[in-house]
Amino acid sequence: MPKITYIEHDGTEHPMEVPVGLTVMQGAVDNSVPGIDADCGGACACATCHVYVDPEWLGKTGTPNEQEASMLSFAAVTESNSRLSCQIEVTSELDGLIVRMPEGQH
Amino acid sequence: MDANVQLDAIAEAAAVPLDQLDIADPRRFADDTIWPFFARLRREAPVHYCADSPYGPYWSLTRYQDILATEIDHASFSSDTSLGGIQIEDQPKALARPSFIRMDPPKHDEQRKVVSPIVAPANLARMETTIRERAGKIIDELPRGEIFDWVDRVSIELTIQMLATLFDYPFENRRQLTYWSDVAVCNVNDPTSPVHSEEERFAELKNMAAAMSKLWNERVNAPPQHDLISMLAHGESTRNMQPNEFMGTLALLIVGGNDTTRNSISGGLHALSQNPDEYRKLRENPALIPNMVSEIIRWQTPVAHMRRTATVDTEIGGKTIRAGEKVVMWYVSGNRDETMIPDADRFIIDRKRPRQHLSFGFGIHRCVGNRLAEMQLRIVWEEILARLPQIEVVSEPERVLSNFLRGIKRMDVRIPA
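Residues numbered from 1 in each chain as written. Chains lettered and ligands numbered in written order. Predicted model: local features only at pLDDT ≥ 70, side-chain atom pairs only at ≥ 80, totals over all residues. Heavy atoms only, no water.

K.L.:
What am I meant to see in the nonpolar core here?
P.N.:
Burial of nonpolar side chains together is a common tendency in soluble globular proteins. Of all hydrophobic cores here, the largest spans 110 residues; its most connected members are B:W150, B:F167, B:L177, B:M212, B:L372, B:W381 and B:I391. Top contributing element to this core by residue count: helix α11 (residues 243–274) of chain B, with 12 residues. Not counting chain neighbours up to four residues away, the residues in contact with B:L177 comprise B:I160, B:L163, B:A164, B:Y169, B:M212 and B:I254. Judged by nonpolar contacts, the second largest core, of 29 residues, contains A:A47, A:L72, A:I88 and A:L97. (Core = buried A, V, L, I, M, F, W, Y, C linked by side-chain atoms within 4.5 Å. Buried < 20%, exposed > 50% of the residue type's maximum accessible area, 1.4 Å probe, protein only. Helix = DSSP H or I, 4+ residues; strand = E, 2+ residues; numbered from the N terminus. Contact = heavy atoms within 4.5 Å.)

Pasting the structure below:
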């Protein structure tokens, strides 16, 4: 199972094994990782699962589509590596992925 | 609540022919008998057409998922004021007051981004201490052993103090903001409303705009500050607003910035008083407060609906909605949708996934101030629990005659001496 490391804004690390086919958001919610709220349940409609993808992984996570980019633009404190974690599907390619949390969700 | 009134409503909801049901009748919101009607629509006609109402024909969406899907599709379902805006009742064209909530992209996005930094995480953290001090003082000054109106003394007072700070409005005149907030959203057909016609409403909001213009003029030539007026005055997409847009934008920020949280503070206390086991659970475990805050916001649903206008022919739930037709998304019903929220008709402060509710809306128009609202509710309950072992609600809440905002005008309570 791919390993994903979620890092809270205060630096606390949560290494988790997440099944292929789930999203990075679901991996956090199912494991009660704090800092990802996912209010809309993965519909790309709220921007409360915002993460910063570790720059080394950007090539493998891909880039936001139009709807995600639109929702992300309303999130607080976005960076060029900002993503909504409900829009990143876990694949074997993402084994080792590192994502960091923002100071607060929208 | 009068049990007979509720029983009559259940019977009427079961009997009314669906093609004659106007779910928007504000009287059913004021006497809180709307629930069996929504339950029937969710069950039998989740995408419902009302051909004839005081607001003209309109579609009603009452299920969670249909509402969510419509919120996301802002290209097919417009918020634009020229098509009718965001309430079931159109603003009269000549008196239209645009603001970013009544706009589509790209202008919506540009204007919203001017004000949204005021509730950025770092700013919220700075506000926390102020809110806590104020909440503590408000609660300490409440009378003991006598009946008083919780809405006026707590819900309005705490939220209007916050709003005055957000606007950097003269603090001693803060109740003017409460008045304008009520003017901006009241039902002009309600005899107890502060204004009784759209013209009168417009005239009062013009007074509001005049007062705000003075502050604007002082701030537009000063260095940018962290208050809403200064931010608007310096924002590229907001500094040249036309008078009606200026009025609309201020009204949006005033109403959004106090009325909804006000009603959630009142509604939360009412819900706890009606569910003593939940109140006990809370007292025994104050760590449940953040969870409870989301449940209160779902339970109260301070904004009962948002409206959109179809821009193209679209299908929802097997029904064809034609371009130009009015679509009302009933958050208040979606928040009681059993297929999404287990035991949706119960107030459960430690429910699982409490943040899964429609009260803030979804998509690009999602509430800007949602985190500030949650923070105010969290702090007020932390301070209440630290100070008051008991609050008795001694009267039924007096509810606002409105199908748009679920408001509580008055609620008498007593704190034992």
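K.L.:
When you look at the sheet that holds strand β5 (residues 97–100) of chain A in this model, what are you seeing that I'm missing?
P.N.:
Either a parallel or an antiparallel arrangement is found when strands of a sheet pair, and the pairing is made through backbone hydrogen bonds. Residues and elements named next belong to chain A. Spatially, 5 strands are ordered β2-β1-β5-β3-β4 in an open sheet, and the strand pairing comes out mixed. Where the open sheet ends on each side, the last strands, each with one partner, are β2 (13–17) and β4 (82–84). With strand direction ignored, the average angle separating the axes of adjacent strands in the sheet is 35 degrees. As judged from the 2 bridges shared by strand β3 (residues 50–53) and β5, these two strands associate in the antiparallel manner. Opposite Y52, over in β5, you have R100 as the bridge partner. (Pairing = 2+ DSSP bridges. Axes fitted to C-alpha atoms, helices over the stretch in contact; angles between N-to-C directions.)

K.L.:
Whenever I open this one, helix α5 (residues 107–115) of chain B confuses me. Can you help?
P.N.:
What sets the pattern is the α-helix's 3.6 residues per turn: residues three or four places apart point alike. Listed in full, the buried residues belonging to α5(B) are B:H108, B:D109, B:Q111, B:R112, B:V114 and B:V115. Summarising the contacts, the buried residues of α5(B) are in contact with α10 (228–234) and α11 of chain B.

K.L.:
When you look at the packing of helix α8 (residues 174–185) of chain B against α11(B) in this model, what are you seeing that I'm missing?
P.N.:
Helix packing for two helices is described by the angle between their axes and how far apart those axes are. Residue and element names in this part refer to chain B. Contact pair α8 / α11: the axes reach a minimum separation of 9 Å and the direction vectors enclose 100 degrees. As judged from the angle between their axes, α8 and α11 are roughly perpendicular. Residue-level inspection shows L177, T178, S181, D182, A184 and V185 of α8 in contact with α11, the latter providing A251, I254, V255, N258, D259 and R262. Of the residues contributing to the contact of α8 with α11, the split by class is 6 nonpolar, 3 polar and 3 charged. (Parallel < 35°, antiparallel > 145°, perpendicular 65-115°, else oblique. Nonpolar A, V, L, I, M, F, W, Y, C, P; charged D, E, K, R; others polar.)

K.L.:
Quick question: what am I supposed to make of the packing of α8(B) against helix α9 (residues 198–220) of chain B here?
P.N.:
Residues and elements named next belong to chain B. One can describe the packing of α8 onto α9 by two numbers: an axis separation of 9 Å at closest approach and a directional angle of 145 degrees. Note on packing geometry: the crossing formed by α8 with α9 is left-handed. For the pair α8 and α9, contact is made by L177, Y179, W180, V183, A184 and V185 and by R201, E204, L205, N207, M208, A211 and M212, respectively. For the contact of α8 with α9, the residue count by class is 10 nonpolar, 1 polar and 2 charged. (Left-handed = near helix turned anticlockwise from the far one by under 90°.)

K.L.:
Before we go on, may I ask you to explain the sheet that holds strand β3 (residues 77–78) of chain B in this structure?
P.N.:
Residue and element names in this part refer to chain B. With mixed pairing, the 5 strands of this open sheet are ordered in space as β1-β2-β8-β5-β3. Two strands close off the open sheet at either side, each with one partner strand: β1 (47–50) and β3. Of the pairings in the sheet, the one linking strand β5 (residues 305–310) to strand β8 (residues 326–330) comprises 5 bridges and is antiparallel in character. By the bridge assignment, H305 is partnered in β8 with W330.

K.L.:
Honestly, the side chain of B:R112 in this entry has me stumped. Any pointers?
P.N.:
Here B:R112 lies in helix α5. It turns out B:R112 is buried and unbridged, and the closest side chain with the opposite charge, B:D109, is 7.5 Å from it. From its side chain, B:R112 meets the backbone oxygen of B:R366 in a polar contact 2.8 Å long. Leaving out residues up to four positions away in the same chain, B:R112 has contacts with A:F74, A:H106, B:F100, B:I364, B:H365, B:R366, B:C367 and B:V368. (Lys, Arg positive; Asp, Glu negative; His and termini not counted. Salt bridge = Lys/Arg side-chain N within 4 Å of Asp/Glu carboxyl O. Polar contact = N/O pair within 3.5 Å; in protein donor to acceptor, adjacent residues only side chain to side chain.)

K.L.:
Explain the pattern of salt bridges here, please?
P.N.:
Where charged atoms from two side chains of opposite charge come close, those side chains can pair. All names here are of chain B. Tallying each qualifying case throughout the model produces 44 salt bridges over all chains. Of the charged contacts in the structure, one is a salt bridge between E383 and R132, with a shortest N-O distance of 2.7 Å. Highlighted residues: E383 in helix α15 (residues 370–387) and R132 in helix α6 (residues 121–140), separated in sequence by 251 residues. We classify E383 as buried; its relative accessible area is 11%. The partly exposed category is assigned to R132, whose relative accessible area is 26%. Close ionic contact of R355 with E374 constitutes a salt bridge, the shortest N to O distance being 3.2 Å.

K.L.:
Quick question: what am I supposed to make of the side chain of A:R83 here?
P.N.:
Residues and elements named next belong to chain A. Mapped onto the secondary structure, R83 falls in strand β4. A polar contact is formed between the side chain of R83 and the side chain of E68, at a distance of 2.7 Å. Polar contacts involving the side chain of R83 include one to the main-chain carbonyl oxygen of Q87, which spans 3.4 Å. In contact with R83, other than residues within four places in its own chain, are C49, H50, V51, V53, T61, G62, T63, P64, E68, L72 and I88.

K.L.:
What's the story with the pairing of β3(A) in this structure? I'm lost.
P.N.:
All names here are of chain A. Side chains H50 and Y52 of β3 all project onto a buried face; the interleaved residues V51 and V53 project onto the opposite face, where all are buried too. In this structure, β3 lies alongside β4, joined through 3 bridges in antiparallel fashion. Paired with H50 across the strands is L84, a residue of β4.

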